[in-house]
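Structure assessment
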Amino acid sequence: MPRSAAQTIRAARADPQAPAVHTGGRPCLRVLGTEITLLESVRERAEADLGIRIHFERLDFLAAQQRAATQTESYDVYDQCFHSLDIVWFWHAIQPIDLRRIALWAEVSDLTKIGRITPGAPLGCGDAPVRKLYVQADATLGAAQSERIAMLPAVHNMDAFAVTPQIRALMGDEIGWGCLLDARLSGRIALVDEPAIGVFDAALAARSSGEFEPRDMGNLSLREIDQLIGILLERKRRGHFGGFWKTAADSVRLMQGGIVGGQSIWASALTALAAEGVPVIEVVPREGYRAWHGGMCLSRQLKGRMLGVAYDYLNWWLSGWPGAVMARQGCYMAAPGRVRDWLAPAEWDYWYEGRPAACDLRGPDGRVVVRAGALRSGGSYARKASRIAVWNTTMDEHNYLARRWRDFIGEAIPAGAAGPR
């Protein structure tokens with residue numbers, strides 16, 4: 001039987017005789033994050049397992065990041081991505097996490113601890129989690145291991161883009177990121193509107209098409225940012241882009257309505273489209289994936305009992321059940337061994353091992369998202385995690401990039417400029 005969440009949490013307490021968090025009243029833990037992980041089913045299960053009340057505040061990436069950095073009194077746990085760490089750490093918005101209070105740290109994957117899940121795999125450009133995981137003696141973040149971390153590694157994935165079967169037939173089997181800028185798809189392409197994410201889809205596409213050759217894909221110079229935005233603006237003025245999106249739900253609407261035929265995609269959008277019966281194909285780009293890694297931080301204002309409650313919540317996320325929910329929408333968990341205990345063999349084989357689905361598989365909401373016999377794009381977890389080209393990143397010139405990205409997104413598309421459909 002899987003080890004219960006309560007057993008895992010008790011093992012993490014500095015004082016094994018400490019009372020359970022539900023005694024003396026039910027505290028309310030405030031969690032700030034995005035739609036990716038803050039699901040209602042997760043909140044309800046965590047409340048039941050931990051004996052507390054939980055309030056989820058779901059914002060888009062940029063809004064959550066700004067709130068976390070500037071309003072530390074408004075949340076207890078910040079659930080976001082490693083590429084937002086530089087900002088919240090710089091603003092002293094979060095406090096270090098004591099690894100002695102994380103019961104399953106030994107089971108966390110090497111993808112975050114050392115940067116690679118298999119020997120010889122590329123580390124990937126940009127904000128690979130290991131580069132800023134550990135709190136150093138001088139209070140900076142780095143890869144040298146210590147007893148304190150800035151963010152507890154949790155949900156992650158290797159993202160690419162999706163196309164309709166018609167576009168796949170047009171482009172052929174060997175599809176690369178350059179597909180997103182291919183003139184044959186003018187008017188039918190969408191990008192995610194978030195500079196620390198969408199810019200890398202665009203940069204990978206421009207490099208693949210031979211228009212852009214940055215010195216370091218994960219840390220563009222001012223000149224390189226201007227060059228890339230220039231490429232995107234030129235395409236936009238010709239009506240190349242059919243839309244931009246901030247949430248997975250928005251991206252689903254774009255493809256479900258036939259507005260676009262190819263776009264940046266997240267796993268939750270892929271499973272939602274599958275549940276709606278919309279045929280799309282997740283591309284396995286020949287250049288490698290754009291990866292992201294989420295996790296949880298502790299607000300600097302936490303102390304006393306509420307700090308203990310927050311640690312219980314962090315340990316609960318590694319205990320297995322939450323990771324199984326994330327797997328059913330196509331994402332991976334930092335402690336995968338615990339996830340396996342909560343998945344049916346057919347689910348584990350499909351989502352983690354890359355084997356054909358032995359039966360229909362359901363998503364977190366109970367709808368069928370995988371049909372029997374289907375194969376997951378990209379294969380197994382180990383294979384996908386060994387093909388990372390770049391990580392979502394807050395680069396040195398992020399502020400300038402964000403301004404130029406707004407220039408790109410904000411420029412109006414000329415009437416009648418859209419290409420053929």
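All residue numbers here refer to positions counted from 1 along the written sequence of the relevant chain. Since the coordinates come from a predicted model, pLDDT governs what is reported: local features require at least 70, and pairs of side-chain atoms require 80 or more to be given and counted, while whole-chain, interface and lining totals use all residues. Calculation of side-chain values draws on the structure's entire complement of heavy atoms; hydrogens and water are dropped beforehand.

Right, let's talk about the overall build of the protein chain for a bit. We count a stretch as a helix when DSSP gives it H or I for four or more residues in a row; a strand needs E for two or more, and each element gets its number in order from the N terminus. Counting its regular elements, the protein chain contains 16 helices and 19 strands. What you see for the protein chain is a C-alpha radius of gyration of 21 Å, in line with the 22 Å of a compact globule of 421 residues. Expressed as lengths along the three principal axes of its C-alpha atoms, the size of the protein chain is roughly 70 × 50 × 40 Å. Residues counted as buried form 59% of the 421 residues belonging to the protein chain. Of the accessible surface of the protein chain, which amounts to about 16500 Å², a share of 51% is contributed by carbon and sulfur atoms. Charged side chains of the protein chain number 49 positive and 46 negative; the gap between the two group centres comes to 2 Å. Radius of gyration means the value over C-alpha atoms here, while the globule rule gives 2.2 Å times the residue count to the 0.38 power. Burial classification: accessible surface area is computed with a 1.4 Å probe over protein chains only, and a residue below 20% of its type maximum counts as buried, one above 50% as exposed, and the rest as partly exposed. All accessible areas in this document rest on Shrake-Rupley with a 1.4 Å probe, and a residue is counted as covered only by the protein chains that are shown. Charged residues are defined here as Lys and Arg on the positive side and Asp and Glu on the negative side; His and the ends of the chain fall outside this count. Where a charge lies is defined by one atom per residue type, namely NZ (Lys), CZ (Arg), CG (Asp) and CD (Glu).

It is worth spelling out the packing of helix H9 (residues 248-256) against helix H10 (residues 267-275) at this point. Between H9 and H10, whose axes approach to 9 Å, the crossing angle comes to 45 degrees. Viewed along their axes, H9 and H10 adopt a mutual orientation that is oblique. Here H9 runs over H10; the crossing is right-handed. Across the interface between the two elements, Ala248, Ser251, Val252, Met255 and Gln256 from H9 touch Ser268, Ala269, Ala272 and Leu273 from H10. Residue composition of the contact of H9 with H10, grouped by class: six nonpolar, three polar and no charged. For every element, the axis is a line fit to its C-alpha atoms; helices are fit only across the contacting stretch, and the angle between N-to-C directions ranges from 0 to 180 degrees. What sets the label is the angle itself: under 35 degrees gives roughly parallel, over 145 gives roughly antiparallel, 65 to 115 gives roughly perpendicular, and the rest give oblique. What makes a crossing left-handed is the near helix being turned counterclockwise from the far one by less than a right angle; a clockwise turn instead makes it right-handed. Here, two residues are considered to be in contact whenever any of their heavy atoms come within 4.5 Å of each other. The residue classification treats Ala, Val, Leu, Ile, Met, Phe, Trp, Tyr, Cys and Pro as nonpolar and Asp, Glu, Lys and Arg as charged. All others, Gly included, are polar.

Basic side-chain nitrogens of Lys or Arg form a salt bridge, by our definition, when they fall within 4 Å of a carboxyl oxygen of Asp or Glu. Taken as a whole and assessed by the stated rule, the structure comprises 27 salt bridges. Residues joined by salt bridges that share partners form a network here, namely Glu40, Arg43, Glu47 and Arg58.

Take the packing of aromatic side chains next. Each Phe, Tyr or Trp ring (for Trp, its six-membered ring) is paired with any other whose centre lies within 6.5 Å, and the angle between the two planes then decides the class: stacked below 30 degrees, edge-to-face above 60, tilted in between. Using the criterion set out here, one finds 17 aromatic pairs in the structure. Where Tyr313 meets Trp316, the ring centres are 6.2 Å apart and the plane angle is 20 degrees; that geometry is what we call stacked. Remark: Trp316 and Tyr313 occur in helix H11 (residues 304-317); sequence separation between them is three residues, near one turn of the helix. Note on Trp316: relative accessible area 0%, which makes it buried. With a centroid separation of 5.5 Å and 75 degrees between ring planes, the pair formed by Tyr352 and Tyr381 is classed as edge-to-face. Remark: Tyr381 occurs in helix H15 (residues 381-385) and Tyr352 occurs in the loop between helix H14 (345-351) and strand S17 (361-362); sequence separation between them is 29 residues. For Tyr352, a relative accessible area of 3% translates into the label buried. Three or more aromatic residues joined by ring pairs form one cluster here, namely Phe241, Phe244, Trp405 and Phe408. Here, over-ring charges are defined by two tests on the NZ atom of lysine or the CZ atom of arginine: distance to the ring centre within 6 Å, and angle to the ring normal within 35 degrees. Across from the ring centre of Phe408, 5.6 Å away, lies the NZ or CZ of Lys236, which sits over that ring.

Counting 143 residues, the largest nonpolar core has Tyr313 and Tyr352 as its most contacted members. The residues contacting Tyr352, other than those within four sequence positions of it, are Ala327, Cys331, Tyr332, Met333, Pro336, Val339, Leu343, Glu347, Ser380 and Tyr381. The set of buried Ala, Val, Leu, Ile, Met, Phe, Trp, Tyr and Cys residues whose side-chain atoms join them within 4.5 Å is what this entry labels a nonpolar core.

Its identity is not glycine, yet His92 carries a phi of approximately 55 degrees, on the positive side. Considering the arrangement of structural elements, one finds His92 in the loop between helix H4 (85-90) and strand S4 (94-95). A positive phi is found at Ala139, a non-glycine position, where the angle reads about 75 degrees. Taking relative accessible area as the criterion, Ala139 reaches 44% and is therefore assigned partly exposed.

Moving on, we get to the state of the cysteines. The definition used for a disulfide is geometric: two cysteine sulfur atoms within 2.5 Å. Across all of its chains, the model carries zero disulfides by this definition. The thiol of Cys28 is not disulfide-bonded; the next cysteine sulfur, from Cys297, is found 19 Å away. For Cys28, a relative accessible area of 27% puts it in the partly exposed group. The structure places no disulfide on Cys125, whose sulfur is separated from the nearest cysteine sulfur, that of Cys81, by 18 Å.

Each regular strand carries side chains that alternate between the two faces of the sheet. Direction of pairing for strand S1 (residues 28-33) relative to strand S2 (residues 53-58): parallel, over a ladder of six bridges. Bridge pairing in S2 links Gly33 to Arg58. The parallel pair S1 and S2 is bridged by helix H2 (residues 40-50), and the resulting crossover is right-handed. Pairing of S1 with strand S3 (residues 77-81) involves two bridges; the strand directions are parallel. From the neighbouring strand, Val31 faces S3, where its bridge partner is Val77. For two strands to pair, DSSP has to find at least two bridges joining them. For a crossover, the right-handed case is the one in which the path from the first strand over the helix to the second runs clockwise, viewed with the strands pointing away from the viewer.

Attention shifts here to the confidence of the model for the protein chain. In this model, the protein chain carries an average pLDDT of 92, and 92% of its residues clear a pLDDT of 70 or more. Every residue in residues 14-23 is under pLDDT 50, and counting partners more than four places away or in other chains gives 13 contacts. Per-residue confidence from the predictor is reported as pLDDT, which spans 0 to 100.

What follows deals with the sheet that holds strand S11 (residues 189-192). With mixed pairing, five strands are arranged side by side in an open sheet as S12-S11-S13-S10-S14. Whereas interior strands pair on both sides, the edge strands pair on one side only; in this sheet they are strand S12 (241-245) and strand S14 (281-282). Judged from the two bridges that link them, S11 and strand S13 (residues 262-264) form a sheet pairing that is parallel. Counted as the bridge partner of Ile189 is Gly262 from S13.

On to the packing of helix H8 (residues 222-237) against helix H16 (residues 398-410). One way to put it is that H8 packs onto H16 with a least axis distance of 10 Å and a crossing angle of 10 degrees. By the angle between their axes, H8 is roughly parallel relative to H16. Contact residues: H8 offers Leu222, Ile225, Asp226, Ile229, Leu232, Leu233 and Lys236, while H16 offers Tyr400, Leu401, Arg404, Trp405, Asp407, Phe408, Ile409 and Gly410.

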